[in-house]
Every structure is written in structure tokens, then in C-alpha cells.
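Spelled out from the first residue to the last, the chains are:
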Amino acid sequence: MPDVEYEPVSVKAVLSEMKDTAELLIDLSYSAVLSGSDELAEEVLALEERMDVLQLQARMSVLMAARSPEDAEQLAPVLGVVGAAEKIADAAGDIAKIVLEDIGLPEAMRAAIPEATEALVRTTVAADSEYVGRTLGEINMETERGVRVIAVRRASETGKRAWITNPDKETEIRAGDVLLLRGLDEGLAAVYEAATGEAYDPPEHTASPIEDLERAVDSIVTMKDTSELAVDLAYGSVLFDSEAVAEEVVELEAEVDALKSRLEAWTLRAAGRVDDPIELRGLVHLAAATEVISDAALEISEGVLRGLDAHPVVAAAVEESDEVIVRLTVAEDAEIAGHTLGDLELGTETGGRVIAVRRPGEETEWVVSPDADTRLSAGDVLVAKGTRAGTERLSAMAGDPREFDA
């Protein structure tokens with residue numbers, strides 16, 4: 001564990017980085033399990049180590065800022081948010097260790113992933129890559145290839161790892177950068193080859209001897225998407241000081257609990273049908289870690305649920321993180337009403353993306369990670385992420401700019 005000494009740092013900046021790191025950790029850890037990738041799992045542990053440093057910096061800064069009982073009372077919820085982010089990081093690390101320590105996963109999981117599910121791939125940019133010296137805006141791989149760079153890791157001059165989470169169109173690619181790419185296999189193959197000069201070798205799909213493995217994988221994918229959404233909404237509830245958004249976190253936490261029970265039940269039934277039940281042990285670990293993540297999301301929004309005033313530094317950190325979270329309702333005359341996400345090309349038009357849709361009148365029913373065929377209708381509740389300018393544009397297109405005035 002790295003030594004950490006006190007140094008004057010902005011609590012807002014540290015909290016903002018912790019938020020972005022926690023969200024990336026969830027994505028990386030589940031992707032490592034689904035793809036059986038040691039490389040992605042090792043990136044999770046590297047990020048978890050970075051989170052340890054951030055949480056210590058945040059705690060020291062908060063303690064230095066408390067000069068009276070009144071300060072302590074107001075800053076106590078900040079420590080709660082720090083602690084919740086740390087729990088998410090620890091849970092993501094536990095998920096990664098399922099892969100690195102061979103705790104037990106069916107080898108055929110990759111083959112059971114639905115075809116429309118995007119994969120996450122780690123690649124290192126070669127010195128002679130066509131991407132070197134160009135910005136992501138110039139490369140435009142999301143529009144041309146359907147591939148998004150969700151993070152960049154590069155070595156600093158001191159040799160330490162520096163992370164760029166949620167890189168934007170101004171981010172310039174350098175030789176030696178490690179890119180974390182998300183997309184479908186066809187687009188990933190083209191981007192991987194352009195970045196490395198080598199052919200993309202997707203994981204082999206092994207036939208499953210386990211009956212109904214697809215159901216377990218569907219549950220894992222849904223748990224990943226639901227826990228990610230719970231964390232996003234938890235931070236959003238703090239940003240907007242919105243009890244309604246915090247209540248959504250409560251419902252999502254209950255949904256994750258139900259998914260956990262479902263996966264555990266499937267694992268116990270499947271154990272009697274396989275030669276070596278130990279290969280299913282990792283699924284039990286995964287279910288437990290997911291519950292920790294959703295519980296941590298609930299902790300982040302707990303102050304809002306209890307009617308406590310969040311310290312302004314927390315909301316400011318959420319608002320100034322790499323991506324802004326917004327909750328919008330599609331108006332009757334909205335320009336996006338009646339169109340599919342594929343038709344709208346919101347990523348290109350606004351720089352924002354819809355991460356979940358809730359239909360009116362459907363209790364606890366979310367369309368999580370909607371695809372290009374998802375059609376938006378008046379009354380739909382959208383959760384979107386992106387830059388402030390992008391989400392403001394999306395808000396206007398939805399006919400609901402009120403969240404920015406919250």
C-alpha cells in the first residue's frame with residue numbers, strides 16, 4: 001500500500017475523482033468476470049489502490065477543515081460519501097480477484113453473453129499508431145466504429161500511473177497510452193488494430209456443459225447495469241438534492257437484492273448438475289460483492305432521504321466531475337419523442353448518452369443500458385450522462401431543462 005502524507009488538496013476535486021473512479025471500477029470489474037480477462041482484473045486492482053490514496057486524502061482534508069462542532073456536523077455526511085465510495089472500490093476489487101485467484105467461474109461464460117452486449121477491451125497504443133498525436137474528437141471512433149474510450153491510463157514523468165476517466169473529444173492520444181475500449185466486437189477489432197498494429201483476437205467461445213448458463217449470465221449483466229445505475233442515481237440525488245431520485249436508489253437496491261437471490265438460487269441448483277461445483281463458487285462471491293455496491297449507493301443518498309442538507313462541496317464535486325448526471329422527463333412536444341436512440345445519435349449530437357429509461361406507469365421497471373432500437377415516448381423518465389454542455393442540449397431536446405435549476 002502506498003504511503004500517503006497530508007498535502008493541501010481540494011476536497012471537491014478529490015470527491016469528484018472518487019466518483020469517477022468508483023463508476024469505472026464497477027464497469028471494469030464486471031467486464032473482467034464476463035470476459036475472464038486477467039488484464040482487466042489487474043487494472044481494477046491498480047485503480048483500487050488509487051482509490052485508497054484518494055479516500056485518505058479526502059479524510060485528512062475534511063478533518064483539517066473541521067474547526068468547530070458546527071463544522072464537524074456539516075462535514076460528517078462528506079465522510080459518509082467517502083466511505084461509500086471506498087466500499088464500492090473494495091467490492092470491485094473482490095470481483096476482480098474472482099478472476100485473478102481462480103475462485104471459480106464457468107469457462108463458457110463468454111459464449112453465453114447476449115450478442116448485443118458490448119465488450120470492454122484493454123489495449124496499448126503503439127508508437128507508430130495512426131492515433132498518436134490526434135484527439136478523440138479528430139479520431140471520431142464512436143461515430144465511425146461504435147467504440148467509446150471510457151478511460152486512458154498513461155505513465156507520468158515520475159513513472160506513476162495517471163488515469164483520465166471519461167476522456168473527452170479534446171483528449172490527445174499518446175504512444176504508450178493504455179486505452180479501455182467499450183463496443184461490439186466488429187468495431188473493437190478495427191480500433192484495436194489501428195491502435196496496436198496487431199489483429200484483434202477475441203476470446204474463444206467455449207460450448208457450455210452447464211444447462212441454462214445463459215440465464216445466470218443475463219442476471220450478471222442485469223446486476224452490473226442496475227448497480228451502475230444505482231450509483232449514478234445516488235450521486236445525482238446529492239447533486240439535485242432530490243428525494244425523488246434518492247427513492248429510485250432505494251428501489252434499485254431492492255432490485256439488486258432480488259437479482260442476488262436469483263443468482264444464488266441458480267448457482268445452488270446448477271451445483272448438482274456439474275462434475276465440479278467449485279467452478280461455480282465465484283458466482284456466489286459476485287452476488288455478495290454486488291450487494292455491497294448497491295448498499296453503498298444507498299449510503300450515498302441516505303442524507304437526502306433523511307432530509308439532511310448535504311455539504312455544498314459534495315454537490316459541487318458531483319457537478320464538476322468528468323460527467324454530469326441528469327434525470328429528465330420527455331415532454332409531449334419534445335423533439336426526441338417518438339424517435340429511437342439510434343435515429344437520434346445523441347452521442348454525436350449532444351455528447352451525452354441515455355443510460356436508463358423508465359416508462360410511465362411501470363413500477364420499478366427500468367430499461368437499463370438501452371440500445372439503438374429503444375424508442376423514446378412522452379412521459380418517459382431518462383437518466384443521462386455526459387458533459388455539462390451535452391446534457392444541457394439533451395435536456396432542451398427532451399423539453400425538460402428544470403434539473404439544471406435545481
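This structure is a prediction, so every number in the text was calculated from the model and none was measured.

Rules used in this analysis
Residues numbered from 1 in each chain as written. Predicted model: local features only at pLDDT ≥ 70, side-chain atom pairs only at ≥ 80, totals over all residues. Heavy atoms only, no water. Phe/Tyr/Trp six-rings, centres within 6.5 Å; stacked < 30°, edge-to-face > 60°. Buried < 20%, exposed > 50% of the residue type's maximum accessible area, 1.4 Å probe, protein only. Lys NZ or Arg CZ within 6 Å of the ring centre and 35° of its normal. Helix = DSSP H or I, 4+ residues; strand = E, 2+ residues; numbered from the N terminus. Pairing = 2+ DSSP bridges. Axes fitted to C-alpha atoms, helices over the stretch in contact; angles between N-to-C directions. Contact = heavy atoms within 4.5 Å. Salt bridge = Lys/Arg side-chain N within 4 Å of Asp/Glu carboxyl O.

Draft legend 1. Focus on the packing of aromatic side chains. Across all of its chains, the model carries one aromatic pair by this definition. Ring geometry for Tyr 192 and Tyr 200: centres 5.5 Å apart, planes at 55 degrees, overall tilted. Tyr 200 carries the same exposure label as Tyr 192, and that label is buried. A cation over an aromatic ring shows up here: Lys 19 above the ring of Tyr 235, its NZ or CZ 5.9 Å from the ring centre. The ring centre of Trp 163 lies 5.9 Å from the NZ or CZ of Arg 153, which sits over that ring.

Draft legend 2. Representation of unusual backbone geometry. In this model, Asp 102 sits at a positive phi of 50 degrees, which is unusual for a non-glycine residue. With respect to the helices, strands and loops of the structure, Asp 102 is situated in the loop between helix 3 (69-100) and helix 4 (109-112). Exposure remark for Asp 102: the relative accessible area of 64% places this residue in the exposed category. In this model, Asn 140 sits at a positive phi of 55 degrees, which is unusual for a non-glycine residue. Within the secondary structure, Asn 140 is located in the loop between helix 5 (136-139) and helix 6 (141-145).

Draft legend 3. Representation of the sheet that holds strand 6 (residues 352-358) within the structure. Spatially, the four strands line up as an open sheet ordered 5-8-6-7, and their pairing is antiparallel. The open sheet is flanked by strand 5 (324-329) and strand 7 (366-368), the only strands paired with a single partner. On average, each strand axis in the sheet is tilted by 25 degrees relative to the strand beside it, whichever way the strands run. Examined bridge by bridge, strand 6 and strand 8 (residues 381-386) share six bridges and lie antiparallel to one another. Opposite Arg 353, over in strand 8, you have Lys 385 as the bridge partner. Contacts from helix 8 (residues 213-240) reach strand 5, strand 6, strand 7 and strand 8, with the element oriented near 90 degrees to strand 5.

Draft legend 4. View of the pattern of salt bridges. Following the criterion strictly, the structure yields 22 salt bridges and no others. As a salt-bridge pair, Glu 23 and Lys 19 come within 3.3 Å of each other at their nearest N and O atoms. Residue Glu 23 and its partner Lys 19 are both found in helix 1 (residues 11-35); the two are separated by four residues, about one turn of the helix. For Lys 19, a relative accessible area of 0% gives the class buried. Residue Arg 306 is joined to Glu 302 by a salt bridge in which the shortest nitrogen-to-oxygen separation is 3.0 Å. The exposure class assigned to Arg 306 is exposed, which follows from its relative accessible area of 60%. Bridged by salt links that share partners, the residues Asp 27, Arg 182, Lys 224, Asp 225 and Glu 228 form one connected network.

Draft legend 5. Geometry of the environment of Ser 242. Within the secondary structure, Ser 242 sits in the loop between helix 8 and helix 9 (243-271). The spatial distance from the C-alpha of Ser 242 to the C-alpha of Gly 307 is 9.7 Å, given a sequence separation of 65 residues. Beyond its immediate chain neighbours, meaning those up to four positions away, Ser 242 contacts Ser 237 and Val 304.

Geometric descriptors of this kind do not, in isolation, establish any biological role.
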